[in-house]
Amino acid sequence: MFYWVLAFARTTDRCRNGGRVSEIKNILIAGNRKLSAEDLSLQGKKAASSLLQTGLQPGDAVALILRNDFAYFILHDAARYACFEIVPVNWHLRANEIDYILKDCNAKAVLVHADLLTDELYKAIKDLVIIVVPTPEEAVTAYSLENKVLPSDEKTLNWAECLDSSEACDLEPVPFCPPLLYTSGTSGQPKAVVRESV
């Protein structure tokens, strides 16, 4: 099993006069990987640029079909700059349930982990912008997954390549972009719930 930690790492530097200065930095930790607050911000700006280059517009819904991964947080940060509506989708759902949610929220793009992109799911999302995220190594190990080869066709984009090839946007962030959450749908179809700032 692997775990996630939002760590507050204290870094200490020695001053010229012999004293010490401490600074607390936010760091995301997953397995052996770490992502600092500075890197999260930079990658969020790059992700915003990359998605806008695909033709997405402010206000468009972007669905996330992801296991625990940095991409989830990066996309939330990107939404602050590009004003996307983030729609987390439970990856345990069947393809027809995911299809219902994507149509209901009018999603324009989907971020999906490579191991979750089945043929059935691909048929449900093939008309959207599809960005495939490599499955994190700690998830591959924890769940005994096969390291699935990322699709390489005109319809799917590689998440790592999107970040590497994009410049950071210079847009001003909005304070809060609430995600659009869906209930489990036990009394029928899943229902959308907007979480508002408090």
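Residues numbered from 1 in each chain as written. Predicted model: local features only at pLDDT ≥ 70, side-chain atom pairs only at ≥ 80, totals over all residues. Heavy atoms only, no water.

1. Overview of the overall build of the protein chain
Part 1 of the argument: Regarding its fold elements, the protein chain presents six helices and ten strands.
Part 2 of the argument: The buried share of the protein chain, taken over its 198 residues, is 41%.
Part 3 of the argument: Once local pairs closer than 6 in sequence are excluded, the contacts in the protein chain between residues at least 24 apart make up 63%.
Part 4 of the argument: Counting only carbon and sulfur atoms, one obtains 50% of the accessible surface of the protein chain, whose full area is about 11600 Å². (Helix = DSSP H or I, 4+ residues; strand = E, 2+ residues; numbered from the N terminus. Buried < 20%, exposed > 50% of the residue type's maximum accessible area, 1.4 Å probe, protein only. Contact = heavy atoms within 4.5 Å. Areas by Shrake-Rupley, 256 points an atom, 1.4 Å probe, with all protein chains shown as cover.)

2. Things to note about the nonpolar core
Part 1 of the argument: Core analysis: the largest hydrophobic core is formed by 31 residues, its most contacted members being V62, L75, L111 and W159.
Part 2 of the argument: At the level of elements, β2 (20-30), α1 (37-53), β4 (61-65), α2 (70-82), β6 (107-113), β7 (129-133) and α6 (159-164) are the ones that each hand at least two residues to this core.
Part 3 of the argument: Per-element tally for this core: the top contributor is α2, with eight residues.
Part 4 of the argument: With residues near it in sequence (within four places) discarded, L75 still touches L51, V62, L64, I86, L111 and W159. (Core = buried A, V, L, I, M, F, W, Y, C linked by side-chain atoms within 4.5 Å.)

3. Structural notes on helix α3 (residues 95-104)
Part 1 of the argument: Every buried residue belonging to α3 is among A95, I98, D99, I101 and L102, and all of these are buried. Taken end-on, α3 shows its buried residues confined to a sector of 165°, consistent with a single buried face. Looking at α3, the residues exposed on the side facing more than 90 degrees away from the buried face are N96 and K103.
Part 2 of the argument: Where α3 is buried, its residues contact β4, β5 (85-88), β6, α4 (119-125) and β9 (180-182).
Part 3 of the argument: One or two positions beyond α3, positive phi appears at N106, with a value near 60°. (Arc of directions from axis to C-beta.)

4. What about the packing of α1 against α2?
Part 1 of the argument: In contact at an axis separation of 7 Å, α1 and α2 are set at 65° when each is read in the N-to-C sense. The chirality of how α1 crosses α2 is right-handed. Contacts between α1 and α2 involve L40, S41, Q43, G44, K45, A47, A48, L51 and L52 from the former and F73, I74, L75, D77, A78, Y81 and A82 from the latter. (Axes fitted to C-alpha atoms, helices over the stretch in contact; angles between N-to-C directions. Left-handed = near helix turned anticlockwise from the far one by under 90°.)

5. What about α1?
Part 1 of the argument: For α1, built from 17 residues, the straight-helix expectation of 24 Å at 1.5 Å per residue is met to within 8% by its first-to-last C-alpha distance of 24 Å.
Part 2 of the argument: Restricting attention to buried positions, one finds in α1 the residues L40, G44, A47, A48, S49, S50 and L51.
Part 3 of the argument: The inward-facing, buried residues of α1 contact β3 (33-36), α2, β7 and α6.
Part 4 of the argument: Two residues or fewer past α1, G55 is found with a positive phi of approximately 105°. (Expected span 1.5 Å × (residues − 1).)

6. Some remarks on the side chain of S166
Part 1 of the argument: With respect to the secondary-structure elements, S166 resides in the loop between α6 and β9.
Part 2 of the argument: Within the structure, S166 has its side chain in polar contact with the backbone oxygen of C162 (distance 2.7 Å).
Part 3 of the argument: Not counting residues within four places of it along the chain, the set of residues in contact with S166 comprises K46, S49, S50 and Q53. (Polar contact = N/O pair within 3.5 Å; in protein donor to acceptor, adjacent residues only side chain to side chain.)

7. Some points on the environment of C105
Part 1 of the argument: Residue placement: C105 occurs in the loop between α3 and β6.
Part 2 of the argument: Judged by its relative accessible area of 9%, C105 falls in the buried class.
Part 3 of the argument: For the pair C105 and A192, spaced 87 residues apart in sequence, the C-alpha to C-alpha distance is 8.0 Å.
Part 4 of the argument: For C105, the contacting residues outside a window of four places in its chain are A61, V87, L180 and Y182.

8. Remarks on the side chain of D77
Part 1 of the argument: Topologically, D77 is positioned in helix α2.
Part 2 of the argument: The class of D77 is buried, set by a relative accessible area of 9%.
Part 3 of the argument: Polar side-chain contacts of D77 include one of 2.7 Å to the side chain of R80.
Part 4 of the argument: If sequence neighbours within four positions are ignored, D77 has contacts with L40, S41 and G44.

9. With respect to unusual backbone geometry
Part 1 of the argument: Unlike most non-glycine residues, C83 shows phi in positive territory, near 60°.
Part 2 of the argument: Relative to the elements of secondary structure, C83 occurs in the loop between α2 and β5.

10. Thoughts on the pattern of salt bridges
Part 1 of the argument: One pass over the structure, following the stated rule, counts seven salt bridges.
Part 2 of the argument: A salt bridge links K103 to D99, with the shortest nitrogen-to-oxygen separation between them at 3.1 Å. In this pair, K103 and D99 are both assigned in helix α3, four residues apart and thus about one turn of the helix distant.
Part 3 of the argument: For K103, a relative accessible area of 61% puts it in the exposed group. (Salt bridge = Lys/Arg side-chain N within 4 Å of Asp/Glu carboxyl O.)

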